[in-house]
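# Secondary and tertiary structure notes
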Amino acid sequence: MNYLKSLLAARSLPDVLETPDGRAATAAEWESRVRPYWRKQMLTHIYGQLPQVLTPTVTTEVNQIDFAGKATWETVHFTFEKDGKAHTVPAQMVTPKGEGPHPFFILLNFRPEVPDRYWPTEELIDAGYGVFGVCYQDVTADDGDFQSGLAGLFATEGERRPDEAGKLTYWAYMASRMMDYLLTRQEADPKRIGVIGHSRLGKTAQLAAALDERFAFACVNGSGTAGAALARGRDAAAESIRAICTRFPYWFAPNYYKYMDAPEALPLDQHCVAALIAPRRLLVGAAVEDLWADTSGQFLTCVAASPVWELYGKRGLVTPDALPSVGDVLGEGGVCFHLRAGKHYLSRTDWLSYLKTLSSIAENGKKE
Ligand code: GCU
């Protein structure tokens, strides 16, 4: 791996196994000391934290459409209440009929529709997967209004504290509440529930799985800056921390703005965020024409995070000693990466690649 190692060395990344208190040599040390350290750094300097977990009340209604009798479609309403204020978030649960329990995707989506252009509903049903989707703006609006939706129940009035949650943290929080609910449903296989999102919601899917160890896998699609792409040494065509904080300051904790022109001053880089998902499955998807999301930066995160999977005695990213080519699906390890043709999108090709990787993992799992 000399070539990839030299690319990583040129980025001067923090060592994912090391904190100021020393380097982890075992998975136990990683879990007790290094993992909590990166988690804290990540929340303090990039995404911000939420103070508490609220338990919503949940009601469900069954919709008439059943996809040719192959699935049940329910709308699940989550009502959150705090200090006399309430907010309800609708989510869409599509469960294959057939014998369960079923693996599930918790889908952070841009839109509430079922089916939807980002959600090939029937194909997923046919593959035996349930999908539990939510429209992110139903959680809290994608803007600087912190009194909107769920944020209105938690956020400080006026200026946010430097380490207070940005909107990505709110959307990730919703994915965990959806997980709470799925775990109460016998149709869902508790060991095979993952989270998927694209672009700003790819960043969110990675954050959700980094924070919540119940997610068995995360599909982090087209996530780019503050997602799977490394900040240090980014490609010149890729989005900088300055660009993202200028256009979308409310996605992040205000502390993140300090690094607009100094990614090297951040105590962590995105491989440390990705590594919080270990030893569970991390599946990163990139598109060759999506230069804004930094294809090689997303790939190198997968390489740089891999030592943590290795600590657990698993393989990280299984790759030749080269940057990926279009059409590659590197799906054999605990860290997976695919590079498809085309532009920024959560496409059918991405879904099929995730399905293929997840099913080969299931087969390998049986052989082990
Ligand atoms: C913008 C932003 C990206 C983000 C994308 C999206 O392009 O700069 O960081 O991923 O929007 O979410 O669609």
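As shown above, the structure is provided for reference.
For the structure given in this document, a descriptive report is provided here. Values in this document were obtained by computation on a predicted structure and should not be read as measured data. (Residues numbered from 1 in each chain as written. Predicted model: local features only at pLDDT ≥ 70, side-chain atom pairs only at ≥ 80, totals over all residues. Heavy atoms only, no water.)

## Quick word on the layout of surface pockets
To locate leftover empty space, one rolls a probe as large as a water molecule over the atoms. One number sums up the size of the second largest pocket: a volume of about 260 Å³. In terms of lining, the second largest pocket is formed by 15 residues, of which the most central are R39, L50, V53, Y173 and L211. Among the secondary structure elements, those contributing two or more residues to the lining of the second largest pocket are α2 (27-47) and α6 (167-182). Here the element with the most residues in the lining of the second largest pocket is α6; it accounts for five residues. Class assignment for the residues of the lining of the second largest pocket results in seven nonpolar, five polar and three charged. (1 Å grid on protein atoms, 1.4 Å probe; cavity = no way out; pocket = protein on both sides within 12 Å on 5 of 7 lines; lining within 4 Å. Points joined across faces, edges and corners; volume = space filled by probe spheres on them. Helix = DSSP H or I, 4+ residues; strand = E, 2+ residues; numbered from the N terminus. Nonpolar A, V, L, I, M, F, W, Y, C, P; charged D, E, K, R; others polar.)

## What about the site of the ligand?
Around the ligand, a shell composed of S199, R200, K203, E239, I244, R247, F248, W251, W292 and H344 is seen. S199 is positioned such that a nitrogen or oxygen atom in its side chain is 2.8 Å from an oxygen atom of the ligand. R200 is positioned with one of its side-chain polar atoms (N or O) 2.5 Å from an oxygen atom of the ligand. Considered on its own, the ligand offers 320 Å² of accessible surface; in the complex 85% of this is hidden by protein. Put simply, the parts of the chain that give the shell around the ligand at least two residues each are α7 (200-211) and α8 (241-247). Its residues assigned to classes, the shell around the ligand comprises four nonpolar, two polar and four charged. (Near = heavy atom within 4 Å. Polar contact = N/O pair within 3.5 Å; in protein donor to acceptor, adjacent residues only side chain to side chain. Areas by Shrake-Rupley, 256 points an atom, 1.4 Å probe, with all protein chains shown as cover.)

## Comments concerning the packing of aromatic side chains
Applying the stated criterion across every chain yields a total of 21 aromatic pairs. Geometrically, the ring pair formed by F78 and Y181 is edge-to-face, given 6.0 Å between the ring centres and 85° between the ring planes. One end of the pair, F78, is in strand β4 (residues 71-82); the other, Y181, is in helix α6, with 103 residues separating them in the sequence. As far as burial versus exposure is concerned, F78 and Y181 are alike and both buried. Seen from their ring centres, F132 and Y181 are 6.0 Å apart, and the 50° between their planes marks the pair as tilted. Of this pair, F132 sits in strand β7 (residues 130-135) while Y181 sits in helix α6, placing them 49 residues apart in sequence. Just as F132 is buried, Y181 falls in that class too. (Phe/Tyr/Trp six-rings, centres within 6.5 Å; stacked < 30°, edge-to-face > 60°. Buried < 20%, exposed > 50% of the residue type's maximum accessible area, 1.4 Å probe, protein only.)

## Quick notes on the packing of α6 against α7
Here α6 crosses α7 at 60°, and the two axes come no closer than 9 Å. As summarised for this structure, α6 and α7 are arranged oblique, according to the angle between their axes. In this structure, the crossing between α6 and α7 has a hand that is right-handed. Only R200, L201, K203, T204, L207 and A208 of α7 make contact with α6, whose side of the interface consists of L168, T169, W171, A172 and A175. Residues that form the contact of α6 with α7 fall into these classes: seven nonpolar, two polar and two charged. (Axes fitted to C-alpha atoms, helices over the stretch in contact; angles between N-to-C directions. Parallel < 35°, antiparallel > 145°, perpendicular 65-115°, else oblique. Left-handed = near helix turned anticlockwise from the far one by under 90°. Contact = heavy atoms within 4.5 Å.)

## Quick look at unusual backbone geometry
For the bond running from G100 to P101, omega is -5°, close enough to zero to count as cis. Relative to the helices and strands, P101 resides in the loop between β5 (85-96) and β6 (102-109). Cis geometry marks the peptide bond from V114 to P115, where omega comes out at -15°. Within the secondary structure layout, P115 lies in the loop between β6 and α3 (121-126). The backbone of S199 shows a phi angle near 65°, a positive value even though the residue is not glycine. Of note, S199 is situated in the loop between β8 (188-198) and α7. Taking relative accessible area as the criterion, S199 reaches 13% and is therefore assigned buried. Backbone geometry at A226 places phi at a positive 65°, although glycine is not the residue there. With respect to the element layout, A226 can be found in the loop between β9 (217-221) and α8.

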